[in-house]
Amino acid sequence: MSILLEARHIQFSVSEHKSSFFAPPRKTVLQDVSLHVAERETLGIVGSSGSGKSTLSRILTGLLKPEKGEVLFQGQALRDTAGQVRKDVRPHIQMIFQDPQGALDPRQTIRQIVKEPLHQTPLSTEEKERRVRQALTDVALPVDAADRYPRMFSGGQRQRIAIARALVTRPSVIIADEAVSALDVSTQAVVLNLLMDLQNRYGLSYIFVSHDLAVIRHISHRVAVLDGGRIVETGPTVSVLDHPQHPTTRALIDASL
Ligand SMILES: Nc1ncnc2c1ncn2[C@@H]1O[C@H](COP(=O)(O)OP(=O)(O)OP(=O)(O)O)[C@@H](O)[C@H]1O
Ligand SMILES: [Mg+2]
């Protein structure tokens, strides 16, 4: 089992009062967070609202820079010595967000939306077009969806479009932040099964953030529990959810019953 993406001793804080003239007090959002996901593995991240899940997701994808600690992709630093995310790594790490309504620009066609992550790549126009068709096929959307607009699709279909956009660069890992939370239960199951099929087909890894333990149980091999910016428990999903060791995990389970 080889480690694909790893976070080591991540620390992140925000200033509590933006307008303060004096150095504002800082609030710690993540404290000494270390975790990893292996190839072909799904790591679930659970925790109550405000525990730091989205902040951690953004640090793992390189959208946010940690104050301390580092992210490694295949054992190499995600950022170069100047602190920039390495260009050769960028296409390998993709993200899917929660909101199937707001995440897609309503003025863009599905082709433009799905093609967008390829802008920085040296691929030819034909190859980009081929990738878009392949990605739409991968998520079981008709190829003629490419000329339509997001409003013409249901919530579940829009989340497939977001998945197609993530797949188009042929990533190794996808970080999904509450990716199915806005969908009804039956659509959730369809999208989760699609993600699991894609994992088998392409050997993908996922970091799957959710407050919904049923979703986490369905998709994750291992799980990490965040509380107040710290990981308080981690282990195989079944053992953590069936035999929780930490009070925070027990509270999350009780709240979900
Ligand atoms: N840019 C920011 N400015 C101020 N506070 C922030 C900022 N980003 C995050 N925070 C704070 O950091 C904490 C963690 O936020 P984060 O969004 O990571 O939590 P979360 O676990 O994703 O919550 P939710 O389940 O509600 O999505 C919260 O208290 C939030 O208010
Ligand atoms: Mg969040």
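That block above? That's the structure.
Residues numbered from 1 in each chain as written. Chains lettered and ligands numbered in written order. Predicted model: local features only at pLDDT ≥ 70, side-chain atom pairs only at ≥ 80, totals over all residues. Heavy atoms only, no water.

### What to know about the pattern of salt bridges
Reasoning step 1: In this structure the tally under the stated criterion is 13 salt bridges.
Reasoning step 2: Residue E6 pairs with R8 through a salt bridge whose shortest N-O separation is 3.2 Å.
Reasoning step 3: Where salt bridges share partners, they join R111, K115, E129 and D147 into one cluster. (Salt bridge = Lys/Arg side-chain N within 4 Å of Asp/Glu carboxyl O.)

### Comments concerning the nonpolar core
Reasoning step 1: With 45 residues, the main nonpolar core has I96, V114, L136, I161, I163, L195 and F208 as its most contacted residues.
Reasoning step 2: Per-element tally for this core: the top contributor is helix 4 (residues 155-167), with 6 residues.
Reasoning step 3: Each residue touching I161, except ones within four places of it in the same chain, is listed here: L104, I110, I113, V114, L141 and F153.
Reasoning step 4: Formed by 27 residues, the second largest nonpolar core is a distinct cluster that contains L5, L43, L56 and I207. (Core = buried A, V, L, I, M, F, W, Y, C linked by side-chain atoms within 4.5 Å. Buried < 20%, exposed > 50% of the residue type's maximum accessible area, 1.4 Å probe, protein only. Helix = DSSP H or I, 4+ residues; strand = E, 2+ residues; numbered from the N terminus. Contact = heavy atoms within 4.5 Å.)

### Describing the side chain of D177
Reasoning step 1: Within the secondary structure layout, D177 lies in strand 7 (residues 173-177).
Reasoning step 2: Of the polar contacts made by the side chain of D177, one reaches the side chain of S54; its length is 2.6 Å.
Reasoning step 3: If near-sequence neighbours (up to four positions away) are discounted, D177 is found in contact with S54, S57, M95, I96, F97, Q98 and V209. (Polar contact = N/O pair within 3.5 Å; in protein donor to acceptor, adjacent residues only side chain to side chain.)

### Remarks on the sheet that holds strand 7
Reasoning step 1: Across the sheet, which stays open at both edges, the 6 strands sit in the order 6-7-8-3-9-10 with mixed pairing between neighbours. Of all strands in the sheet, those with a lone pairing partner are strand 6 (93-96) and strand 10 (230-236), marking the two edges. Strand after strand, the sheet turns through a mean of 15° between neighbouring axes, direction not considered.
Reasoning step 2: One ladder, built from 4 bridges, connects strand 3 (residues 42-46) with strand 9 (residues 222-227); its direction is parallel. Along strand 9, the bridge assignment pairs V46 with V225.
Reasoning step 3: Of the strands in this sheet, strand 6 and strand 7 are in contact with helix 4, which crosses strand 6 at around 170°. (Pairing = 2+ DSSP bridges. Axes fitted to C-alpha atoms, helices over the stretch in contact; angles between N-to-C directions.)

### What about the sheet that holds strand 4 (residues 68-73)?
The strands that make up a sheet are held in pairs by hydrogen bonds between backbone atoms, and each pair lies either parallel or antiparallel.
Reasoning step 1: Pairing is antiparallel in the open sheet, where 4 strands are placed in the order 2-1-4-5. The strands lining the two open edges of the sheet, one partner per strand, are strand 2 (26-38) and strand 5 (76-77).
Reasoning step 2: Alignment of strand 1 (residues 3-15) against strand 4, held across 5 bridges, turns out to be antiparallel. In the strand pairing of strand 4, A7 is matched with V71.
Reasoning step 3: Against the sheet, helix 1 (residues 53-61) contacts strand 1, strand 2 and strand 4, and its axis sits at roughly 60° relative to strand 2.

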